[in-house]
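Below, each chain spelled out in residue letters.
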Amino acid sequence: MVRSDVFLCELCPKGCRITEGYSGDCRSRIVVDGELRAVTYGRPCAVHIDPIEKKPLFHFLPGTTILSIATAGCNLHCKFCQNWTISQAAPQDTTSIDLPPETVVKAARARGCPSIAYTYTEPVIYYEYVLETSSMARKNGLRNVTVTAGYINRRPMELLCEVVDASNTDLKAFSDSFYREVCDGRLKPVLDGMVLMKEKGVWLEITNLIIPTFNDDLNMIRKMCRWVLANLGPDTPLHFSRFYPMYKMRNLPPTPVEFLMKARREALDAGIHYAYVGNVLGTEAENTYCPKDGTLLIERIGFRIRQNKLKDGKCPTCGDTIPGVWNHGARG
Amino acid sequence: MEREADHATRAHVRVESPDKTGRRDFLTGLVCVPLIFLYNRNGRETSSKLSGRRAMFVRRL
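This one's a predicted model, so the numbers in the text were calculated from it and none came from an experiment.

Caption draft 1: Geometry of the packing of helix H7 (residues 218-231) of chain A against helix H8 (residues 257-270) of chain A. All names here are of chain A. Between H7 and H8, the shortest axis-to-axis distance is 9 Å and the interhelical angle comes to 35°. You can see that H7 and H8 cross each other, and the crossing is right-handed. Touching Leu218, Ile221, Arg222, Cys225 and Leu229 of H7 are Phe259, Lys262, Ala263, Glu266, Ala267 and Ala270, all from H8. Class assignment for the residues of the contact of H7 with H8 results in eight nonpolar, no polar and three charged.

Laid out in structure tokens, this is it:
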């Protein structure tokens, strides 16, 4: 039997068919010498230490720092991408450093970061790097966070859930046509991925970037909130994030803050317990309140925590448990 | 999506090559730049010298 020269990448729903010397749509998985290789493995193009609130994760180890890495490429091509200089670039067009998994873990430990984030671009496309680094991090008492669009097939997602502790997943719009026309993807795999993460016990928070004239539709936001309630539950935090003109959408203005506030109100009215506004400084929409009695639990300004009144993860007034991962002791 | 450099607060801190690989980067650059120039002239056709590691979830058709 003659062996084909065509490889089918089954990592994400794109299902790229790739031949020798060419890459998949993500630009980072390339057929080299008769095998498909993840060429950005161990070669991040961005390495930072961030506050975890920047991911944003508001219910996961608040007030801690997180070592954050990214490699070049992405399997989506959002016209509004806020990191397009690295996500829409080929690996050979970016400056990267040699940082194998053990060095990432060592760097996180040396700098007192209790967790590592795979973020900025799309961790799905540097899957093998995420998987091995996460596995090593776990063995060293660290936790793992993905900031992702969640555009991945079921089996790889299942495997990833075994080593990932928390995720902030983008829900770019509650519209398949938006995903097709603006992001070059589809909505359903993203929704399925979030349900799977929840089932597997990964702490999940959702970000919805609101873009003027594209997805600033309160009716759509209402439908999205209903879906979150029905499939992920009311305790899944929802972050409405402010758009800034970027990439192919520089002609649009930043999202009006009033609309972000309306979206948050819509989510709270729909029954979501924790709704936030992101990329806007100094509003009460950055704070966490007890959904039962309205007590201010965590006061934030930007990515800083001004006060955290939680007592062992409970509201100090009514004693109700506030869902989240609040301390970085041994993994439970 | 999380922005790499945040414009609202600039709260991030850049880490300088955590494993001090600057010298290796320089040497890699010396080798890779000419290769990229030679092999990357046709859109997404890329240098066969990029290595990485074997990809998971792949099937040969």
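Next comes the rest of the write-up.
Caption draft 2: Summary view of the packing of aromatic side chains. All names here are of chain A. Scanning the model with the defined rule gives seven aromatic pairs over all chains in all. With a centroid separation of 5.2 Å and an interplanar angle of 20°, the aromatic rings of Trp84 and Tyr247 are classed as stacked. On the criterion of sequence distance, the pair formed by Trp84 in helix H1 (residues 84-87) and Tyr247 in the loop between strand S11 (238-242) and H8 is long-range, its members being 163 residues apart. Look at Trp84 and you get partly exposed, because its relative accessible area is 28%. Here Phe174 and Trp227 contribute two aromatic rings whose centre-to-centre distance is 6.3 Å and whose plane-to-plane angle is 45°, an arrangement assigned as tilted. Note that Phe174 is positioned in the loop between strand S9 (166-170) and helix H5 (176-183) and Trp227 in helix H7, a separation of 53 residues in sequence. Comparing Phe174 with Trp227, the two get one shared label, buried. For the cation-ring pair, Arg300 lies above Phe58, with the distance from its terminal atom to the ring centre recorded as 4.0 Å.

Caption draft 3: Broad picture of the nonpolar core. Residues and elements named next belong to chain A. With 92 residues, the main nonpolar core has Phe80, Leu171, Met194 and Phe240 as its most contacted residues. Per-element accounting of this core gives the leading share, six residues, to H7. When near neighbours in sequence (up to four residues on either side) are disregarded, Met194 contacts Thr169, Leu171, Leu204, Ile206, Trp227 and Leu232.

Caption draft 4: Layout of helix H3 (residues 127-139) of chain A. Residue and element names in this part refer to chain A. Taking 1.5 Å per residue, 13 residues should reach 18 Å; H3 reaches 18 Å between its end C-alpha atoms and fits that length. Among the residues of H3, those classed as buried are Tyr127, Glu128, Tyr129, Val130, Leu131, Thr133, Ser134 and Ala137. Of the residues flanking the end of H3, it is Gly141, one or two places downstream, whose phi is positive at about 80°.

Caption draft 5: Fine view of the sheet that holds strand S2 (residues 53-54) of chain B. One open sheet accounts for three strands, arranged S3(A)-S4(A)-S2(B); its pairing is antiparallel. Each edge of the open sheet carries a strand with a single partner, namely strand S3 (29-32) of chain A together with S2 of chain B. Pairing between strand S4 (residues 35-38) of chain A and S2(B): two bridges, direction antiparallel. Counterpart to Ala38(A) in the pairing with S2(B) is Arg53(B).

Thresholds, definitions, all that
Every residue gets a number counted from 1 within its own chain, in the order that chain's sequence is written. Whichever chain is written first becomes A and whichever ligand is written first becomes 1, with later ones labelled in order. The predicted origin of the model limits local features to residues at a pLDDT of at least 70 and limits the giving and counting of side-chain atom pairs to 80 or more, whereas totals for whole chains, interfaces and linings rest on all residues. As a rule here, side-chain values cover all heavy atoms of the structure and leave hydrogens and water aside. Fitted lines through C-alpha atoms serve as axes, helices being fitted only where they are in contact, and the angles separating the N-to-C directions of these axes extend from 0 to 180 degrees. Numbering of helices and strands starts at the N terminus; helices are DSSP runs of H or I of at least 4 residues and strands are runs of E of at least 2. The sense of a crossing depends on the near helix, which, turned anticlockwise from the far helix by less than a right angle, makes the crossing left-handed and, turned clockwise, makes it right-handed. Between two residues, a contact is recorded if the distance between any of their heavy atoms is within 4.5 Å. Residues were grouped as follows: Ala, Val, Leu, Ile, Met, Phe, Trp, Tyr, Cys and Pro as nonpolar; Asp, Glu, Lys and Arg as charged; and all remaining residues, including Gly, as polar. In summary, the pairing rule links any two rings of Phe, Tyr or Trp, Trp by its six-membered ring, whose centres are within 6.5 Å, and it sorts them by plane angle into stacked for under 30 degrees, edge-to-face for over 60 and tilted for everything else. Exposure categories follow from relative accessible area, calculated using a 1.4 Å probe and restricted to protein chains: below 20% of the type maximum is buried, above 50% is exposed, and the middle band is partly exposed. Charge-over-ring contacts are defined here by two conditions on Lys NZ or Arg CZ: a distance within 6 Å of the ring centre and an angle within 35 degrees of the ring normal. In these notes, a set of buried Ala, Val, Leu, Ile, Met, Phe, Trp, Tyr and Cys residues joined through side-chain atoms within 4.5 Å is what counts as a nonpolar core. Each residue after the first adds 1.5 Å to the expected span of a helix. Two strands are counted as paired when DSSP detects at least two bridges linking them.

Keep in mind these numbers describe shape, not what the thing actually does.
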